[in-house]
Structure formats: structure tokens, C-alpha cells
Amino acid sequence: SANFTSGCSYPSFSRTVSYTRLRMAAPESLEECLRAVPEERLEQVCLDDHLLELSRELSRWPEVSPFLGLSETEEEEFEGRAVGRQRIDVLRKWREKCGSGATYRRLSEALWRAQRVDLIDKLC
């Protein structure tokens, strides 16, 4: 199992799948969604190239940032920057804050809670 840093915490949110965002039947669980992804991949720390690619797919970073465990103060750091820059910076801040806990599994969990199952497929 992964060694998560103490600075990386996630708020508890209920998850409801938004079927309008999906073009196919939504998976019933995160485990079902990640079934085909090798376990060793899920436990790897997210690479910058993958975060950059993911950031381009985020229509608005605030839709995901609450699920990454960033505080309001941390989110305020990104105000005033170009939107594209905000998207990648919030993901990089999450990775910096979580250290070895910034895994593909953890990011997938945040995307699942943010109802962005479509991005999990692209990430993994």
C-alpha cells in the first residue's frame, strides 16, 4: 500500500454520477472503473506530463480542487492567473502537497468524487 503524507487529506463527499456528462453507462464504482488498470500503475506518483494533459481537459479547475484536499487559502493562490495556468498549477500543488501520496489512484478518487469519470479513463 502507498505511503501517504500527512498533508494530503480528502474531505468526505457523497458521490452521485452525472450521467449527462457520460456518453456510455457509468461504472457503478471506482473499483469497476479502475478494474483494467494495473495496480502498480495506480500506486505510481502522477507524472507532470499526465497532469498537464489532464489540466487541458478540465473545463474549470474549481470543479475538482475541493476533492483534491486543497484549502481555500491554497486555492486563492491561483486567482488572477490565466485559466490554463490555474488548471495545471492546482494539480501541481496537489502533487507537491501530497508527495508520495499523489498517486494515480488518489487522483482517480478525486475525479470520481468530482463526477469526472470521463477524465479517469484518459488519466489511466
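Here is a short report on the structure shown in this document. (Residues numbered from 1 in each chain as written. Predicted model: local features only at pLDDT ≥ 70, side-chain atom pairs only at ≥ 80, totals over all residues. Heavy atoms only, no water.)

1. Here we look at the overall build of the protein
Here's step 1: Assigned secondary structure in the protein consists of seven helices and zero strands.
Here's step 2: Looking at the protein as shown, the accessible area adds up to about 7000 Å², and 47% of this sits on carbon and sulfur atoms. (Helix = DSSP H or I, 4+ residues; strand = E, 2+ residues; numbered from the N terminus. Areas by Shrake-Rupley, 256 points an atom, 1.4 Å probe, with all protein chains shown as cover.)

2. A look at empty space enclosed by the protein
Here's step 1: Counted by the stated rule, this structure contains one cavity of 30 Å³ or more.
Here's step 2: Lining the largest cavity, in full, are His 50, Glu 53, Leu 54, Glu 57, Lys 122 and Leu 123.
Here's step 3: Elements supplying a minimum of two residues to the lining of the largest cavity: helix H3 (48–57) and helix H7 (117–123).
Here's step 4: Ranked by residues supplied to the lining of the largest cavity, first place goes to H3 with four residues.
Here's step 5: Residues belonging to the lining of the largest cavity are distributed by class as follows: two nonpolar, one polar and three charged. (1 Å grid on protein atoms, 1.4 Å probe; cavity = no way out; pocket = protein on both sides within 12 Å on 5 of 7 lines; lining within 4 Å. Points joined across faces, edges and corners; volume = space filled by probe spheres on them. Nonpolar A, V, L, I, M, F, W, Y, C, P; charged D, E, K, R; others polar.)

3. Points about the nonpolar core
Here's step 1: Within the largest apolar cluster, 31 residues are counted, with the highest numbers of intra-cluster contacts made by Leu 51, Leu 68, Leu 91, Trp 94, Leu 107, Leu 111 and Ile 120.
Here's step 2: Of all the secondary-structure elements, those providing two or more residues to this core are helix H1 (30–34), H3, helix H5 (83–98), helix H6 (104–113) and H7.
Here's step 3: Leave out the neighbours within four places in its chain, and Leu 111 touches Leu 54, Val 64, Arg 116, Val 117, Leu 119, Ile 120 and Leu 123. (Core = buried A, V, L, I, M, F, W, Y, C linked by side-chain atoms within 4.5 Å. Buried < 20%, exposed > 50% of the residue type's maximum accessible area, 1.4 Å probe, protein only. Contact = heavy atoms within 4.5 Å.)

4. Regarding unusual backbone geometry
Here's step 1: Phi at Gln 115 takes a positive value of approximately 65 degrees, unusual for a residue other than glycine.
Here's step 2: In this structure, Gln 115 sits in the loop between H6 and H7.

5. Section: the pattern of salt bridges
Here's step 1: All chains considered together, the criterion is met by 12 salt bridges.
Here's step 2: For Glu 63, the salt bridge goes to Arg 116, with nearest N and O atoms at 2.7 Å. Taken together, the positions of Glu 63 in the loop between H3 and helix H4 (72–76) and Arg 116 in the loop between H6 and H7 put the pair 53 residues apart, joining distant regions of the chain.
Here's step 3: Glu 63 sits in the buried class, given a relative accessible area of 17%.
Here's step 4: The closest approach of N and O atoms between Arg 116 and Asp 118, which form a salt bridge, is 2.8 Å. (Salt bridge = Lys/Arg side-chain N within 4 Å of Asp/Glu carboxyl O.)

6. As for the side chain of Arg 113
Here's step 1: Along the chain, Arg 113 falls in helix H6.
Here's step 2: Buried and unpaired, Arg 113 has Glu 109 as its nearest opposite-charge partner, separated by 4.4 Å.
Here's step 3: A distance of 3.0 Å separates the side chain of Arg 113 from the backbone oxygen of Phe 67, its partner in a polar contact. (Lys, Arg positive; Asp, Glu negative; His and termini not counted. Polar contact = N/O pair within 3.5 Å; in protein donor to acceptor, adjacent residues only side chain to side chain.)

7. Section: the environment of Ile 88
Here's step 1: Inspection of the secondary structure puts Ile 88 in helix H5.
Here's step 2: If near-sequence neighbours (up to four positions away) are discounted, Ile 88 is found in contact with Leu 51, Leu 52 and Ser 55.

8. Points about the packing of aromatic side chains
Here's step 1: On inspection of all chains with the given rule, the structure shows one aromatic pair.
Here's step 2: Taking the centre distance of 5.6 Å and the plane angle of 75 degrees together, the rings of Trp 61 and Phe 78 count as edge-to-face. Highlighted residues: Trp 61 in the loop between H3 and H4 and Phe 78 in the loop between H4 and H5, separated in sequence by 17 residues.
Here's step 3: For Arg 41, the ring lying beneath its charged end belongs to Tyr 104, and the centroid distance is 4.0 Å. (Phe/Tyr/Trp six-rings, centres within 6.5 Å; stacked < 30°, edge-to-face > 60°. Lys NZ or Arg CZ within 6 Å of the ring centre and 35° of its normal.)

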